[in-house]
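Now for the letters of each chain:
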Amino acid sequence: MEEYDVVIVGAGPAGCICAAELSDRFRILLMEKEEIPRFKLCAGFLSPKCYEEINRLNPSPSIFEDPKMCRVIFYDAQNDATVEIDVDFYNVNRYKLDYWLFNRIAPDKVDIWTNTRLINLERSKTHIKLHAKKEDKVLAIKTRCLVNAAGSKSRFHRNYLNWVNRYVVYQEVIECNKKINHFYAVYDKRITPFYSFALPKGNNRIIVGFSFPFKRKDNQINISALRDIFKEKLGIDGKTIKKDGGIILQPLSRYHIFYGEERILNIGEASGLIDALSGEGIFYAIKSGLYCARAINESKNFNSLVDSYKSKCRDIHSRIIKTIIATHIFNQTNPIQRYKILLRSKKNLSFLKAISIIIKNFNLTLILRAILNIIRYERNSIRNKPSKFFK
C-alpha cells in the first residue's frame, strides 16, 4: 500500500496550483484520469481579475491566443439589440494553459500518476484509504488528506453534483472566413436561459458554444436555431473542425458551495466555486487551489482543515454569492436593458452599486420576483440536500 500525506485528484488549474504550492515536508500524489497534457472543454476567456492572478505567476506568452485581448459584445436576439462592453478580457488556449500550470510542479516534490481513476474511498479518524485503477491494476493508497479537484466529473461525490443546477455545454471549433476580434455573448430566453458565445482563436478559427439545462430533450433543435442566429445576425458561420460536449455547474444557492468535510477538501469546480452568471471558473480554481495549499501547509495534524480552508476562501465565497444574487435578479430583466443601464453609469462600478442602479431602473414587481426566486432556491437546496456527499 502506497502512503502519502496529501493526494490530489485532478490535474486541472486547481489541482496543479495546489500541488505546486504545498510544502516540501509533505509526500504528495497528483492523480489524473487522462493523459497530460489533457483536453478540457472551455472557451478560454479570462476576466481581468483572472488575468491578474495568472499574471502574478509569470505565464508563458504561448498560452495566449490571437487576439490576446478582446471586448464583449452582447447580442439580445429577442430584441435585435447589441451592446459593447468597454472592458478588455483575455483570450487563452486552455490546453496550453493547463500544461503550463502542470509544468510549474516540481517533479521531485510530487508523484504524478496519469491514466489513473479513483474507484472508492474509506475514511477513518486519522486516514483515508483509497483504491485507484491505473491501467489494468488496482492500487491501494493511504493518505492523511484528500483534495478533490476532479471538477464536475468527479465520481465519488456524485450526490453533490446531482444536487447542484447543471447545464449541458456543446462546443464547436469552426473555420470562418470572417475575422472577428470580439467575444460575442448571445442571449435568447426563448431557446435557453444561459448565453451562447463565439470567440476567435486565430488562424480563422472560432469557438462557438451553446448551453442548455441538464436533461433537456430538444437540444439539437435549439443548437440549429442558435447557429442560424450566429449566421444571419452576426455573420459567423463555417466548416466545423471539432465538436465536444460536457457539463458545467451553476450554483444558485449558498448551500451549493461545498468546501468538503473532515479530511476531504473540494477545490475549483468540484466545490461549486463557479461564477453563476458567466460560468467562468478558472479564477476560482486558481484561488481555491492556492487557499487549500495554504490551509494544509499551516495545519499541524490535519485537523480542522475544512474550517481553515473555508476561512481563507471568504473573498471568493462572497464573490460567488454576489453572482448568485445577480443571476436571480438579472434573470428577471432583459439582458440588453441591464447592460445599457450600467453603460450609462460610471465605469468600474462596485457590485453593490451596479445592482442598486439596476434595481432603481426596474419596477418593484421584478425585484420581488427575484427575491422570491432566491428564497425558493434556498428552501429547495435545504430540502434536497444529500445526507451523504461522498461515496
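Before reading further, recall that the structure is shown in the block above.
Because the structure is predicted, anything quoted here is derived from the model rather than measured.

*Asks:* Outline the pairing of strand β13 (residues 192-200), supporting the account with residue identities and numerical values.
*Replies:* Every other side chain in a regular strand lies on the same face of the sheet, so the side chains alternate between the two faces. For β13, the buried fraction is high: eight of the nine residues fall into the buried class. Judged from the four bridges that link them, strand β12 (residues 182-188) and β13 form a sheet pairing that is antiparallel. Opposite Ala 185, over in β13, you have Phe 197 as the bridge partner. Once β12 ends, the chain turns through three residues before running back antiparallel as β13. As judged from the four bridges shared by β13 and strand β14 (residues 205-213), these two strands associate in the antiparallel manner. Looking across to β14, one finds that Ala 198 is bridged to Val 208. Connecting β13 to the antiparallel partner β14 that follows it, the hairpin turn spans four residues, and Gly 202 within it adopts a positive phi of roughly 80°.

*Asks:* Got a sec to walk through the environment of Leu 265? Specific residues and values, please.
*Replies:* You can see Leu 265 is positioned in strand β17 (residues 264-266). Linking Leu 265 and Ile 8, residues 257 residues apart in sequence, is a C-alpha distance of 9.4 Å.

*Asks:* Let's hear about unusual backbone geometry: which residues, and what values?
*Replies:* A cis geometry characterises the amide bond from Ile 36 onward to Pro 37, with omega recorded as 5°. Following the sequence through the fold, Pro 37 ends up in the loop between β2 (28-31) and β3 (45-46). Positive phi outside glycine occurs at Glu 135, with the angle close to 60°. Of note, Glu 135 is situated in the loop between β9 (128-134) and β10 (137-148).

*Asks:* An account of the pattern of salt bridges is needed here, citing residue identities and associated values.
*Replies:* Considering all chains together, one arrives at 18 salt bridges under this definition. Of the charged contacts, one joins Arg 38 and Asp 98 as a salt bridge, the two residues approaching to 3.2 Å between their closest N and O atoms. Taken together, the residues span a long stretch of sequence, with Arg 38 in the loop between β2 and β3 and Asp 98 in helix α3 (residues 94-103) at a distance of 60 residues. Take Arg 38: its relative accessible area is 15%, and that puts it in the buried class. Here the salt bridges do not stand alone but share partners, grouping Glu 32, Arg 38, Arg 94 and Asp 98 into one network.

So, how was this worked out
- Residues numbered from 1 in each chain as written.
- Predicted model: local features only at pLDDT ≥ 70, side-chain atom pairs only at ≥ 80, totals over all residues.
- Heavy atoms only, no water.
- Buried < 20%, exposed > 50% of the residue type's maximum accessible area, 1.4 Å probe, protein only.
- Helix = DSSP H or I, 4+ residues; strand = E, 2+ residues; numbered from the N terminus.
- Pairing = 2+ DSSP bridges.
- Salt bridge = Lys/Arg side-chain N within 4 Å of Asp/Glu carboxyl O.

Purely spatial values, then, with no claim about function.
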